[in-house]
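# Overview (structure and organization)
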Amino acid sequence: MKLATVRLGGRTTAALVVAGGYQPLPARNLSELLAQPGWKSIIHEAATGHCGPTVVPASEVEVLNPMPTPGKVICCGLNYTEHILEMGRDLPDYPTLFAKFADTLTDPEAPIVADESLSIDWEAELAVVVGSRLKDANEDEAAAAIAGYTVANDISMRDWQRRTLQWFQGKAFDATTPLGPVLVTTDEIDPEKGLEVLCSVNGEVLQRGNTSTLVFSAAKLLAYISTFTVLRPGDVVLTGTPGGVGMGMVPPRFLKDGDELVTEIPGIGTLRNRISLRADANL
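A brief report on the enclosed structure follows. Everything numeric here is computed off the predicted structure, so don't read it as measured data.

Helix and strand counts for the protein chain stand at seven helices and 19 strands. Seen along its three principal axes, the alpha-carbon backbone of the protein chain occupies a region of about 55 × 40 × 30 Å. Out of the 283 residues in the protein chain, the part that is buried amounts to 53%. For the protein chain, contacts bridging at least 24 residues in sequence account for 74% of all contacts bridging at least 6. With the model as given, the accessible surface of the protein chain reaches about 12100 Å², and the carbon-plus-sulfur share is 51%. Separation of charge centres in the protein chain, based on 23 positive and 35 negative side chains, amounts to 2 Å.

Below, the structure is given as structure tokens:
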């Protein structure tokens, strides 16, 4: 099943994606829906037509970031073999992790405004959303706790990232990590069998990876993370980006004002974001 958070008139609602539009669900967004212990039953009843209001046509809604209020956003920095090698690193024994704030997330077609950076880079990613509490989980338990998957782009401000040895400040600009457009549940897709991860700038495909080549699978990441911090329903984990980022090119290439960034995972959906960069950015 595909789930979304949409704006309908003056309000937002979680919704089930159905033929012809969206079936509203009893929560203001998917973050709130997944916090309900019976969220799976709610979705099942809506999917079987046993409850809920009339389907709203797609033309009447605006699709938003599906997970607006995660308690935790945790990212894996290096997780595809080719990206690790292009960055001049050895394959890791443990995942390289860093955190974002919920404020970093934005809508699937929102403009990306980063006035303070002139080295804006793209990082197409599969994001996994937690569906039940995890603490000290093994891999099987972690896999069973996954609510679903969505598309992300961990847009990075490389000039800020290079200021110190810590990545945080280059990764945590407000409203610079688009997410969406939908959350696809685990009964529909399995990243370990292989999902393409694509990123293009102004129509030129620059990243093309496959989740079957992840060093650490979604379940492995969740299990590992759960050993040092509890994961709760609605938390988001970005699983890393494939090769082809701008910083790895010779010479490095970065996004410019007006560029259109398109991030796609077939079977989930597409993000379309326009870059807005002030020419006299104060660095």
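The structure having been displayed, the exposition proceeds.
Summarising the element assignment, F254 is placed in the loop between β17 (236-238) and β18 (260-265). On a C-alpha basis, the gap between F254 and A19 in space is 39 Å, while along the polypeptide they are 235 residues apart. Beyond its immediate sequence surroundings of up to four residues, F254 is in contact with L118, S119, I120, D121, W122, R158, R162 and M247.

Within the structure shown, the criterion is met by 11 salt bridges. K2 is paired through a salt bridge with E188; the nearest N and O atoms lie 3.2 Å apart. In this pair, K2 sits in strand β1 (residues 2-8) while E188 sits in the loop between β14 (177-185) and β15 (196-201), placing the two residues 186 residues apart along the sequence. Owing to a relative accessible area of 26%, K2 belongs among the partly exposed residues under this scheme. Between E204 and R253 there is a salt bridge, with the nearest N and O atoms lying 3.1 Å from each other. Residue E204 is located in strand β16 (residues 204-210), and its partner R253 is located in the loop between β17 and β18; the two are separated by 49 residues in the primary sequence. A relative accessible area of 28% places R253 in the partly exposed class. Among the charged side chains, a salt-bridge network with shared partners connects K100, D121, E123, D154, R158 and K171.

For the rest of this paragraph, the subject is the environment of L78. Structurally, the position occupied by L78 is in the loop between β6 (73-76) and α3 (81-86). What makes L78 buried here is its relative accessible area of 7%. Here L78 is in contact with H83, I84, M87, R89, P92, T96 and W167, once residues within four sequence places are set aside.

Once that is clear, we can look at the environment of G240. Structurally, G240 is set in the loop between β17 and β18. Residues contacting G240, with those up to four places away along its chain left out, are C76, N79, Y80, A124, E125 and L126.

Attention now goes to helix α2 (residues 39-47). Where α2 is concerned, the buried positions are W39, I42, I43 and A46. The buried residues of α2 occupy an angular sector of 95° when the element is viewed end-on, so they sit on one face. Tucked inside the fold, the buried residues of α2 contact β1, β2 (11-18), β3 (21-24), α1 (30-34) and β12 (146-153). Of the residues one or two after α2, G49 is the one with positive phi, at around 75°.

The subject of this paragraph is the nonpolar core. One finds I120, Y149, L222 and I268 to be the most contacted residues of the largest nonpolar core, which totals 53 residues. Residue contributions to this core peak at six residues, all from helix α7 (residues 218-226). For I120, the contacting residues outside a window of four places in its chain are A114, I155, S156, M157, F254, L255, I275 and L277. Core analysis: the second largest hydrophobic core is formed by 28 residues, L3, L34, L78 and L238 among them.

What follows deals with the packing of aromatic side chains. Applying the stated criterion across every chain, the model contains five aromatic pairs. Between F98 and W167, the aromatic rings sit 5.6 Å apart at their centres with planes inclined by 65°, giving edge-to-face as the arrangement. Of this pair, F98 sits in strand β7 (residues 97-100) while W167 sits in the loop between α5 (158-161) and α6 (168-171), placing them 69 residues apart in sequence. Ring centres 5.6 Å apart and planes at 90° place the aromatic pair F101 and F168 in the edge-to-face group. Here F101 is found in the loop between β7 and β8 (105-106), whereas its partner F168 is found in helix α6, with 67 residues between them in sequence. One aromatic cluster in this structure is built from Y94, Y224 and F228. Here the guanidinium or amino end of R163 rests over the ring plane of W160, the centre of that ring lying 3.8 Å away.

The rules behind these values
Residues numbered from 1 in each chain as written. Predicted model: local features only at pLDDT ≥ 70, side-chain atom pairs only at ≥ 80, totals over all residues. Heavy atoms only, no water. Helix = DSSP H or I, 4+ residues; strand = E, 2+ residues; numbered from the N terminus. Buried < 20%, exposed > 50% of the residue type's maximum accessible area, 1.4 Å probe, protein only. Contact = heavy atoms within 4.5 Å. Areas by Shrake-Rupley, 256 points an atom, 1.4 Å probe, with all protein chains shown as cover. Lys, Arg positive; Asp, Glu negative; His and termini not counted. Charge placed at Lys NZ, Arg CZ, Asp CG, Glu CD. Salt bridge = Lys/Arg side-chain N within 4 Å of Asp/Glu carboxyl O. Arc of directions from axis to C-beta. Core = buried A, V, L, I, M, F, W, Y, C linked by side-chain atoms within 4.5 Å. Phe/Tyr/Trp six-rings, centres within 6.5 Å; stacked < 30°, edge-to-face > 60°. Lys NZ or Arg CZ within 6 Å of the ring centre and 35° of its normal.

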